[in-house]
Amino acid sequence: MGTLLRIKNLKTHFFSAGRVIRALDGVSFQIEEGEVFGLVGETGCGKSVTALSILRLIPFPPGKIIGGEIHFKGKDLLHLDEDEMRSIRGKEISMIFQEPMTSLNPVFRIGDQMVEVIVLHQRLDRSRASRKVLEMLQRVHIPDADRVMNQYPHQLSGGMRQRVMIAMELSCHPLLLIADEPTTALDVTIQAQILRIIKEMKNELQTSILLITHDLGVIAEMCDRVAVMYAGSIVEEAGVEEIFESPGHPYTQGLWGAIPRVDQERETLSVIPGMVPDLSQLPPGCKFHPRCPYRFAPCDQSTPPLFQISPGHLASCYLYSKGETDG
Amino acid sequence: MDNPLLNVKHLKKYFPVARGWRKEKTFVRAVDGVDFVIRQGETLGLVGESGCGKTTVGRLILKLIEPSDGKILFEGKDLAHLDKKGIRPLRRAFQIIFQDPFASLNPRMTVSEIVGRPMEIHGLVERSQRDEKVCQLLQSVGLMKAHLSRYPHEFSGGQRQRIGIARALATEPRLIVADEPTSALDVSVQAQILNLMKQLQRELGLTYLFISHNISVIRHISDRVAVMYLGKVVEMAQKKALFQSPVHPYTKALLAAVPSLDPKRKRVEVILEGDVPSPINPPSGCRFHTRCRYVLPKCLEEDPFFHQVEGDRWVACHLYSS
């Protein structure tokens, strides 16, 4: 399998009231074909900005991608013009958002909105497009799909709307689906239904998925590989089993200890001292060092690169710099 | 049952709604016959999905809204039929911590006023000693004296929730209703607040009704757990018993729907199909019968009785009625 998306040293900054907010400060990762890649982190760490940067949907002003490369199928998306980019959005890369109500148009029927996408990207006529819509709605297990096609978004429940979004986004068989907190607004039993549908669709269509969430349970269930973000950078990346079994970066360890678990009893939860830094006044060196229990000499001097802990397991932490001999 | 601080019996709350062009009066049966007790010094976790009525139960207990029917026995006294004046002297005994720490603090009041006002209203402290008392409270929730004269916008979400907790503690309450107190917070901040609530409970002997949709949080904080579905409690048991061997089909499905943090453990597939029915027109008989895998003919007609099945476990399901 080849690499579908390769992001190198991506920097997206926001300029506001004379301050520079470094939302993404050198992010690199890659997604293989057919893979589910998870991006996890707390509010404001840059997960969603990463997604919007890939689709070049960062509003300018105030935001701007100021550096880096986004290679998708060999092309650098940052060098495409707006027309070329538009033919990629929704067709080759599509995106599902957290709140389906805000991404569906409230004044159009479900069927009409979905037909439009297909007509635009696949050059089918309306009747064939509409047959295709029906088929997609059935594939995401919407009961009574032909009735739902004639309904407006407000007539559907949250779970149904998210199914419609999935059907719409996958109707053009994208190579990459970006799902930004796709189940955060839903109840757990509905979340379980939606996650199952995403998995089924992925297996049928061989779509790669970039799954963004703060919910570690969703990550554990869905992903093949995981990257943990903190204050605009990726601090750790590994296969899903590895990262849950032996998290390497002190931030990841802290985060793992802070979650109450359904399958285990703990009296007290571990706590990461301090607070997430202001993105316009980041600390020098490793951004986590003011909160890190293991900090030592180099940590406040220079930003640690990604060191290899074991094959496929990288952490941006000087604790692992000794193992760094083969580059 | 032994030593109940609060005993809730057949509690109901119907909200009137006008439907259609003729504005026909119907009712949302938000809470439709709920029974439970909370014992002195324990945490009862109330869990359920959105719209199941758990927040309404919290507000009814605090008499922030009037119940349509039923009893709320607080230390033996029925709150349900007390009017505003009658309830006022009792108010200091129960307090609430809200979900949204941004909306629940008055932006024009300083921390000292926010936390101190309840003490003044209930005549618990002289004006001159107010700041000293507030200061002690702030320290007990992990804030500092320097925060006294600041306004809510100067604090982070976690700190604001600490202010909310200090305010709830100000009247030395017997019962605290915590309505999704950590749902607006990131996991690392949530951990701090949960630890703080447990620590305060140990130190002050507090009793909590902890309302949440987050099953992992409920499991962490509770001693006993009540599961709600569409306006009713379907199962209630000691935490350990409930999580290790849930008996109600809804509890089973709810617990199975929570993703495990162990990527190697594949979930047992008990996926609930469909959506929660509307509380305006709930299904006949057992409300869960439309989604239940074990549905019996009886379930469509008869509402199962909420009864004790073993030790401390209560359940409302025909599978377990003798």
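All figures in this text were calculated on a predicted structure; none of them were measured in a lab. (Residues numbered from 1 in each chain as written. Chains lettered and ligands numbered in written order. Predicted model: local features only at pLDDT ≥ 70, side-chain atom pairs only at ≥ 80, totals over all residues.)

A separate point is the packing of helix 8 (residues 188–205) of chain A against helix 9 (residues 249–257) of chain B. Axis angle and axis distance: for two packed helices, these are the angle between their axes and the distance between the axes, and together they describe the pair. Following both chains from N to C, one finds helix 8 of chain A and helix 9 of chain B inclined at 55 degrees, their axes separated by 8 Å at the closest point. Classified by the angle their axes make, helix 8 of chain A and helix 9 of chain B are oblique. Regarding helix 8 of chain A and helix 9 of chain B, the two cross each other, and that crossing is left-handed. For the pair helix 8 of chain A and helix 9 of chain B, contact is made by Val-188, Thr-189, Gln-191 and Ala-192 of chain A and by Ala-253, Leu-254 and Ala-257 of chain B, respectively. Of the residues belonging to the contact of helix 8 of chain A with helix 9 of chain B, the class tally is 5 nonpolar, 2 polar and no charged. (Axes fitted to C-alpha atoms, helices over the stretch in contact; angles between N-to-C directions. Helix = DSSP H or I, 4+ residues; strand = E, 2+ residues; numbered from the N terminus. Parallel < 35°, antiparallel > 145°, perpendicular 65-115°, else oblique. Left-handed = near helix turned anticlockwise from the far one by under 90°. Contact = placed C-beta atoms within 7 Å. Nonpolar A, V, L, I, M, F, W, Y, C, P; charged D, E, K, R; others polar.)

A few words now on the nonpolar core. Ranked by size, the top nonpolar core spans 192 residues in total, and within it Leu-210 of chain A together with Leu-209 and Val-227 of chain B carry the most contacts. For this core, the element with the most residues is helix 8 of chain A, which contributes 8 residues. Residues within four places of Leu-209 of chain B in sequence aside, it is in contact with Ile-38, Leu-44, Leu-46, Gly-58, Ile-61, Leu-175 and Val-177 of chain B. (Core = buried A, V, L, I, M, F, W, Y, C linked by C-beta atoms within 7 Å. Buried ≥ 20, exposed ≤ 12 C-beta atoms within 10 Å, placed from the backbone.)

Attention shifts here to the environment of Arg-287 of chain B. Residues and elements named next belong to chain B. Residue position: Arg-287 is located in the loop between helix 9 and strand 11 (307–310). Along the primary structure Arg-287 and Leu-300 are separated by 13 residues, whereas in three dimensions their C-alpha atoms are 8.5 Å apart. The residues contacting Arg-287, other than those within four sequence positions of it, are Tyr-229, Leu-230, Lys-232 and Pro-282.

On to the sheet that holds strand 7 (residues 175–179) of chain B. Residues and elements named next belong to chain B. A sheet is described by the order of its strands in space; here 8 strands give the open sequence 6-7-8-3-9-10-12-11, paired in mixed fashion. A strand with exactly one partner marks an edge of an open sheet, and here the two such strands are strand 6 (94–97) and strand 11. For this sheet, the mean inter-axis angle between neighbouring strands, taken without regard to orientation, is 20 degrees. With 3 bridges connecting them, strand 11 and strand 12 (residues 313–315) associate as antiparallel partners. By the bridge assignment, His-307 is partnered in strand 12 with Val-315. Along the sheet, helix 9 contacts strand 9 (224–229) and strand 10 (232–238); its crossing angle with strand 9, the most-contacted strand, is approximately 100 degrees. (Pairing = 2+ DSSP bridges.)

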